Amino acid sequence: MVENIINGRNIIKILEETGSPSKEAVRDILSKAKLKAGLTPEEAGILVNLSEPELIRELLDTAGWVKNQIYGERLVFFAPLYVSDFCINDCDYCNFHSRNMAFKRKRLNLAEVEEQTKVLINMGHKRVLVEFGEDPLNNNIDYVTKVIDKIYSVKTDKGSIRRINVNIAATTVENYRKLKKAKIGTYQLFQETYHRNTYEKIHHGPKADYLRQISAYERAFEAGLDDLGLGVLFGLYDWRFETLALITHAWYLDKKYKIGPHTISVPRVREAATVNLKLPHKISDEDFLKLIAILRLAVPYTGMIISTRESPEIRSQAFKIGISQASAGSCTAVGGYGKKTDQSQFKVQDERCLEEVISDAVKNEFLPSFCTACYRLGRTGEEFMGFSKPGEIHNFCRPNGILTFAEYLEDFAKNETYEKGQEIIQAYLDKIEDKSLRQKTRLSLEEIKQGKRDLYF
Ligand code: SAM
Ligand code: SF4
């Protein structure tokens, strides 16, 4: 069964066979990638093995071109919301691991969920990713869905959270049905590492079951969840293997369900207070950017997520070559927004507030977006893929990005960001090709200036 999804021996064989690719082979693959139809694991194998600076530059440039073609200028922002750090697993890399006895576990009650949600709304966020440790007693599915209901119910004069993505441990079809009923956006689950021996060595507790983890997406699909987020925790094993495994998994889902991953996340292991894991596969910044570029070419229609685990400098480079979504202003401790706590899951590197990240993005000519339209209009799963694969999602994203950014500017931005932001909006408004859509967007912008909110196509 696992072999149907990922066959580790096959991946190693690909890596051996593509060991020292010729310039011609690399350039052929890059030309093929420009057709925006993706790359097979074999083709991506040629790219993971390239080392010549000139070819690396061409790889990054091609990825930038493809990103621009499919996603354009927009960058979608969100924040994680850590709800409970109770956990029965003992993952060697995570500060929430069950061996951590010094840690005073915390689980938000619904009033605290409300308070944390308000802090996020008042920063300008519209999308959150809720995070829970695995604990059938303290974090059972009914608690998870109550938290989701609570977050959706919170309204302030600065708006509300309009999309909740969820990161909880692999679970049953029945539980996934409950998540579906709670109207979640994307269900994210990271495989952590696709290398089975490594996986089984560093996990302890129910999560140590490799099969349970890798088959979770099948159960999620069965339950009707069709926006799924894959990810690897880079640094646990050889990034070349992990990149090809991610691509293999994406192709597998696409072939079996006709729905590829909605997103791919690329977290790198970060230091954490009680974690002392030796990382023989620590990945350099250069290789990290390479793998982002390769994933962008191999699964061009998929959203790619970077978190505040990365520094502002690396994030800024990654935005140009493939990343389409980023967390900002994040705290990785339960109840940590607006409060001081030293109980974080790991240390972040980008500690800037949302406003600073936005201001930087705008200086680099990106269009920050808080759009949640697709999921609210039922454009998920196969329907979403129908737009995103041919690159047509762009048609909705640009106007919706403009409208949600205009709301942000009115409600949250300071002078300099406001001015530059308005210039960006004007520049991208002019680029909306469909005349009538451009006009409608212009009218909606007027309405937003007059106080109307939550307008989308
Ligand atoms: N507990 C659930 C699970 O493990 O699937 C979901 C949430 S967990 C809070 C989210 C992710 O954080 C994990 O999947 C893991 O990849 C990541 N993570 C854990 N420890 C980390 C560390 N030290 N550095 C970077 N990421 C880490
Ligand atoms: Fe628990 Fe998730 Fe941390 Fe593992 S990664 S210890 S499952 S919170």
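Please refer to the structure higher up on the page.
The shown structure was predicted, so the numbers you read here are calculated from the model rather than taken from an experiment. (Residues numbered from 1 in each chain as written. Chains lettered and ligands numbered in written order. Predicted model: local features only at pLDDT ≥ 70, side-chain atom pairs only at ≥ 80, totals over all residues. Heavy atoms only, no water.)

1. Quick notes on the site of ligand 1
Move 1: Taken together, 19 residues lie around ligand 1, and Tyr-93, Phe-132, Glu-192, Lys-207 and Arg-270 are the ones closest in.
Move 2: Within the side chain of Lys-207, an N or O atom sits 2.7 Å from an oxygen atom of ligand 1.
Move 3: Between Arg-270 and ligand 1, the recorded distance is 2.8 Å, taken from a backbone N or O atom to a nitrogen atom.
Move 4: Here ligand 1, which alone exposes 570 Å², has 97% of that area covered by the protein.
Move 5: Looking at the shell around ligand 1, its residues break down into ten nonpolar, three polar and six charged. (Near = heavy atom within 4 Å. Polar contact = N/O pair within 3.5 Å; in protein donor to acceptor, adjacent residues only side chain to side chain. Areas by Shrake-Rupley, 256 points an atom, 1.4 Å probe, with all protein chains shown as cover. Nonpolar A, V, L, I, M, F, W, Y, C, P; charged D, E, K, R; others polar.)

2. Description of the packing of helix H4 (residues 41-48) against helix H12 (residues 239-257)
A packed helix pair is summarised by two numbers, namely the angle formed by the two axes and the spacing between the axes.
Move 1: Where H4 contacts H12, the two axes come as close as 10 Å, and the packing angle between them is 155 degrees. Taken together, the axes of H4 and H12 are roughly antiparallel relative to one another. Taken as a pair, H4 and H12 cross one another with a handedness that is right-handed. Contact residues: H4 offers Pro-41, Ala-44, Gly-45 and Val-48, while H12 offers Trp-239, Arg-240, Thr-243, Leu-244, Ile-247, Thr-248 and Trp-251.
Move 2: Among the residues forming the contact of H4 with H12, the class breakdown is seven nonpolar, three polar and one charged. (Axes fitted to C-alpha atoms, helices over the stretch in contact; angles between N-to-C directions. Helix = DSSP H or I, 4+ residues; strand = E, 2+ residues; numbered from the N terminus. Parallel < 35°, antiparallel > 145°, perpendicular 65-115°, else oblique. Left-handed = near helix turned anticlockwise from the far one by under 90°. Contact = heavy atoms within 4.5 Å.)

3. A few points about the packing of helix H3 (residues 23-33) against H4
Move 1: In the contact formed by H3 and H4, the axes pass within 9 Å of each other and the chain directions differ by 125 degrees. One way to sum up the angle between H3 and H4 is to call them oblique. The chirality of how H3 crosses H4 is left-handed. Of H4, the residues touching H3 (which contributes Ala-25, Val-26, Ile-29, Leu-30 and Lys-32) are Glu-43, Ile-46 and Leu-47.
Move 2: Its residues assigned to classes, the contact of H3 with H4 comprises six nonpolar, no polar and two charged.

4. A word on the pairing of strand S1 (residues 74-84)
Move 1: Taking burial as the measure, the eleven residues of S1 include eleven buried ones, the bulk of the element.
Move 2: Relative to strand S11 (residues 367-369), S1 is paired through three bridges, and the arrangement is parallel. Residue pairing in the sheet places Leu-75 in a bridge with Pro-368 of S11.
Move 3: Alignment of S1 against strand S2 (residues 127-132), held across five bridges, turns out to be parallel. When the bridges of S2 are listed, Ala-79 appears paired with Val-128. (Buried < 20%, exposed > 50% of the residue type's maximum accessible area, 1.4 Å probe, protein only. Pairing = 2+ DSSP bridges.)

5. Some points on the side chain of His-203
Move 1: With respect to the helices, strands and loops of the structure, His-203 is situated in the loop between helix H9 (196-202) and helix H10 (210-214).
Move 2: A distance of 2.7 Å separates the side chain of His-203 from the side chain of Tyr-93, its partner in a polar contact.
Move 3: A distance of 2.8 Å separates the side chain of His-203 from the backbone oxygen of Tyr-199, its partner in a polar contact.
Move 4: Once you skip the residues sitting within four places of it in the chain, His-203 turns out to touch Asp-90, Cys-91, Tyr-93, Glu-192 and Ala-208.

6. Describing H4
Since there are 3.6 residues in each turn of an α-helix, residues three or four apart along the chain are aligned in direction.
Move 1: Taken across its eight residues, H4 has seven buried, putting it largely inside the fold.
Move 2: On its buried face, H4 sits against helix H2 (8-17), H3, helix H5 (53-71), H12 and helix H13 (285-298).

7. Considering the environment of Phe-366
Move 1: Structurally, the position occupied by Phe-366 is in the loop between helix H15 (354-363) and S11.
Move 2: Expressed as a C-alpha distance, the spacing of Phe-366 and Leu-15, which sit 351 residues apart in the sequence, is 36 Å.

8. Some remarks on the site of ligand 2
Move 1: For ligand 2, the full set of nearby residues is Cys-87, Asn-89, Cys-91, Tyr-93, Cys-94, Phe-96, His-97, Gly-133, Lys-207 and Gln-345.
Move 2: Class assignment for the residues of the shell around ligand 2 results in five nonpolar, four polar and one charged.

9. Things to note about helix H6 (residues 110-123)
Move 1: If you check H6, its first and last C-alpha atoms are 20 Å apart, about what 14 residues at 1.5 Å a residue would give, namely 20 Å.
Move 2: All of the buried residues along H6 are Val-113, Gln-116, Thr-117, Leu-120 and Ile-121. One side of H6 carries all its buried residues, which in axial view fall inside an arc of 140 degrees.
Move 3: Where H6 begins, one side-chain oxygen reaches toward the backbone nitrogen of Ala-111, 3.1 Å away; that side chain belongs to Asn-109.
Move 4: Just past H6, the residue Gly-124 takes up positive phi, approximately 120 degrees. (Expected span 1.5 Å × (residues − 1). Arc of directions from axis to C-beta.)

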